[in-house]
Amino acid sequence: MGYAHDYAAAIMQRGRVPMPPADFVPDWADGPRKTKFYPGADTTPLPVHTLPPGATVDRGLGPAVEGPERAFDLPALSGMLRDSYGLTGRRLGVQSNTDLDALPFHPLANWSRGTASGGGLYPVSIYWVSGPSGPLPPGVHYYASRHHAVQRLLTGDVSGEVREALGGPVPAVPGEPASAGTGEPVPAVERALVTDQFLVLGVKYWQNAFKYNSFSFHAVTMDVGTVMQTWRTWARAQGLSVEPLMWFDEQRLARLLGIRTEEEGVFAVVPLRWQGAEARTAPPAATAAVRRRDVERSRTVLAFDAVTRMQAATEEHAARRPPAGALAPAVAPVPGPGLPAVPLPAPSKLDTDVRTALRKRRSSFGRFDAGRPFRAEHLASCLAAAAAGASLGGDTGTDATPIAGLYAFVGHTAGVAPGTYAYDAAAHSLRLMKPGPPGSFLQKNYFLANYNLEQTGAVLVPTVRTRAVLDAVGDRGYRVVNAVVGAISQNVYTAASALGVGCGVALGFDNISYIEELGLERTGEAPLLIMMLGNERPAPADFRHEIA
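Computed from a prediction, not measured in an experiment: that's the story for all the values here. (Residues numbered from 1 in each chain as written. Predicted model: local features only at pLDDT ≥ 70, side-chain atom pairs only at ≥ 80, totals over all residues. Heavy atoms only, no water.)

1. Some details on the overall build of the protein chain
Check the secondary structure of the protein chain and you find 15 helices and 19 strands. Relative to the compact-globule value of 24 Å for 548 residues, the protein chain shows a C-alpha radius of gyration of 22 Å, a close match. Projected onto the principal axes, the alpha-carbon positions of the protein chain cover approximately 65 × 50 × 50 Å. Burial status across the protein chain gives 59% buried among its 548 residues. Long-range pairs, those at least 24 residues apart, make up 82% of the contacts in the protein chain with a sequence separation of at least 6. In the structure as shown, the protein chain presents an accessible area of about 20500 Å², 55% of it carried by carbon and sulfur atoms. Distance between charge centres in the protein chain, computed from 51 positive and 50 negative side chains, equals 4 Å. (Helix = DSSP H or I, 4+ residues; strand = E, 2+ residues; numbered from the N terminus. Rg over C-alpha atoms; globule rule 2.2 N^0.38 Å. Buried < 20%, exposed > 50% of the residue type's maximum accessible area, 1.4 Å probe, protein only. Contact = heavy atoms within 4.5 Å. Areas by Shrake-Rupley, 256 points an atom, 1.4 Å probe, with all protein chains shown as cover. Lys, Arg positive; Asp, Glu negative; His and termini not counted. Charge placed at Lys NZ, Arg CZ, Asp CG, Glu CD.)

So, in structure tokens, the structure goes:
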């Protein structure tokens, strides 16, 4: 067993046994930027993108692209980046989060984005590796989210280097590639081998670790999932496709990007079907590397042993893509076949356009109001969205093997009796595990003061048999586990926004108590976050200033 098993166990126990360093206090005055900073880099503003008619959340959460798949162009890429990670507005409202007193001051303003992030820290770095078919001179670009622009870090066609890292050599004919080390064809890898446009996702650890120390690796791996799922939803709504690849030669890509994996891990590569791209063979460029360096704001940058060890453990054997079906031993258990079934109504239509839903997305932070019961069809919509998010696509193996289970603590939902339930996605029904209001259990086992969980309509809990995943595919599977859970949370946020209901996601709860309450010791499932849903108090005191 690798170190990831130990880390996963420590995460489950942290509500009772603090992870070292237990006495850590963030130095807020010396915190990092919420973005990387490359002074002097040539900057190209990205164009405006117009969303086509019919690009609804329902279509975006569908199982696949309907009809012929469209190709990306620069406006589409711009729109996807803006709606996912770009700054779209400033928010300031009377709510229950602990940072409320700081938000009126401009340097500490809360800038909203379409994608959720643990602690609102947004540590994911987005790089665009563009080959000759792109609209700009070939090279490596960094997405500067504050300016909604790309900064050129390297000039020259290095797309062949990315393809080699993904498991080349590149075939001359589409449809003939084999995934690295297995001989099994993987459609998402096929796409990578015949395009010269790639998005690469890194995580600069200090952007999160300055606040969450050893816990940060757990949080940032979910952040990667939220970004990828936002892209998948956004793209599907418009007939585009985004399929993430998480198995590749990480050191090779880090060398190309000019980063050290101890400081910034490389987590995913997303090949883009690009308008006008040809199946050309570009030679690898092993000597090419970004020489510009990110300038850190913090005077003191700390490293945490658990984060360093998890990066090393999940980076080892990263290019050994598991064969199809490798996750089968980690499949989520069938939810309580002997338990009473409670049918759910059909999900409400999510006919809000995907851009509007993402830009309205926010955390409820204590605004829930049990006096206005949650609607059962809204609960059904959010459960269905969560189940859809569990299939992350690409080479993750999660489309063929569903590894995530889902439980619901229902408190104030019209038409559904209070109780604890397992969600049966295949039957779209709940299975009653324990009758009675769950509010006292939920609030007792929540660490923070920014939510009153008793006031929620329902609290959803995704689970994964993390140890089984690690046994099946190795320590890198930890990244897949948390990316799936992050994707689930992003889908629930997006669905709630489309429905106009409140949503909040949190990791600050006693995992062991949830294992005991749900009886998960037998199945080995790990509850990894909680997703709170319900109606909010009317007429909130909010200031909003839209900038996009």
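2. Section: the sheet that holds strand β19 (residues 542–546)
Here three strands make up an open sheet; going across it, the order is β3-β2-β19 and the pairing antiparallel. Lying at the two open borders of the sheet, with one neighbouring strand each, are β3 (110–112) and β19. Each adjacent strand pair in this sheet contributes to an overall mean axis angle of 30 degrees, direction not counted. Where strand β2 (residues 89–93) lies against β3, three bridges are found, and the strand directions are antiparallel. Its bridge partner lying in β3, G89 is registered against S112. (Pairing = 2+ DSSP bridges. Axes fitted to C-alpha atoms, helices over the stretch in contact; angles between N-to-C directions.)

3. Observations concerning the pattern of salt bridges
With the rule as written, the count across this model stands at 20 salt bridges. E161 is the partner of R252 in a salt bridge, and the nearest nitrogen-oxygen pair spans 2.6 Å. Highlighted residues: R252 in helix α8 (residues 250–257) and E161 in helix α4 (residues 159–166), separated in sequence by 91 residues. For the pair R252 and E161, one class covers both residues: buried. The partner of D424 in a salt bridge is R431, and the shortest N-O contact between them spans 3.6 Å. Across the pair, exposure class does not vary: D424 and R431 are buried alike. (Salt bridge = Lys/Arg side-chain N within 4 Å of Asp/Glu carboxyl O.)

4. Quick look at the side chain of S84
Along the chain, S84 falls in helix α3 (residues 74–85). Polar contacts involving the side chain of S84 include one to the main-chain carbonyl oxygen of L81, which spans 3.2 Å. Among the polar contacts made by the side chain of S84, one reaches the side chain of W231 at a distance of 2.9 Å. When neighbours within four sequence positions are excluded, S84 is seen to be in contact with R113, G114, T115, T230 and W231. (Polar contact = N/O pair within 3.5 Å; in protein donor to acceptor, adjacent residues only side chain to side chain.)

5. Quick word on the packing of helix α13 (residues 466–473) against helix α14 (residues 477–499)
One can describe the packing of α13 onto α14 by two numbers: an axis separation of 8 Å at closest approach and a directional angle of 140 degrees. The orientation of α13 relative to α14 falls into the category oblique. Seen along the crossing, α13 lies across α14 with a hand that is right-handed. Two secondary-structure elements touch here, α13 through T466, V469, L470 and V473 and α14 through G477, Y478 and V481. Considering only residue class, the contact of α13 with α14 consists of five nonpolar, two polar and no charged. (Parallel < 35°, antiparallel > 145°, perpendicular 65-115°, else oblique. Left-handed = near helix turned anticlockwise from the far one by under 90°. Nonpolar A, V, L, I, M, F, W, Y, C, P; charged D, E, K, R; others polar.)

6. Regarding the packing of helix α1 (residues 3–13) against α13
When two helices pack together, their arrangement is captured by the angle between the axes and the distance separating the axes. Packing of α1 against α13 brings their axes to within 10 Å, and their N-to-C directions diverge by 170 degrees. By the criterion of interaxial angle, the relationship of α1 to α13 is roughly antiparallel. Judged by residue contacts, A4, H5 and A8 of α1 engage T466, R467, L470 and D471 from α13.

7. Here's the deal with the packing of aromatic side chains
All told, the structure shown has 22 aromatic pairs when counted by the stated rule. When the centroid spacing of 6.1 Å and the interplanar angle of 45 degrees are considered together, the rings of F217 and F267 count as tilted. Residue F217 is found in helix α7 (residues 216–236), and its partner F267 is found in strand β8 (residues 264–271); the two are separated by 50 residues along the sequence. The pair formed by F217 and F267 is uniform in burial state, with each residue classed as buried. Summarising the aromatic geometry, the rings of F509 and Y514 are spaced 4.9 Å apart at their centres and angled 65 degrees between planes, so their arrangement reads as edge-to-face. The exposure classification of F509 matches that of Y514, with both residues buried. These aromatic residues form a ring-pair network of at least three members: Y3, Y7, Y205, F217, F267 and Y478. Between R14 and the ring centre of F215, over which it is positioned, the NZ or CZ distance is 3.8 Å. The residue whose ring lies beneath R479 is F267, and the NZ or CZ to ring-centre distance is 4.0 Å. (Phe/Tyr/Trp six-rings, centres within 6.5 Å; stacked < 30°, edge-to-face > 60°. Lys NZ or Arg CZ within 6 Å of the ring centre and 35° of its normal.)

8. Regarding helix α15 (residues 511–518)
Of all eight residues in α15, six are buried, a share of seventy percent or more. Buried residues of α15: N511, I512, S513, Y514, I515 and L518, and no others. Looking one or two residues past α15, G519 carries a phi angle of roughly 65 degrees, positive in sign.

9. Description of α13
Each turn of an α-helix holds 3.6 residues, which means side chains three or four residues apart point in the same direction. Buried residues of α13: T466, A468, V469, L470 and V473, and no others. Buried-residue contacts for α13 involve α1, β15 (458–464), α14 and β17 (526–527). Just past α13, the residue G474 takes up positive phi, approximately 90 degrees.

10. Some points on the confidence of the model for the protein chain
For the protein chain, mean pLDDT is 92; residues scoring 70 or higher make up 92% of the total. Between residues 169–185, whose pLDDT stays under 50, and residues either more than four places distant or in other chains, the model counts 27 contacts. (pLDDT = per-residue confidence, 0-100.)

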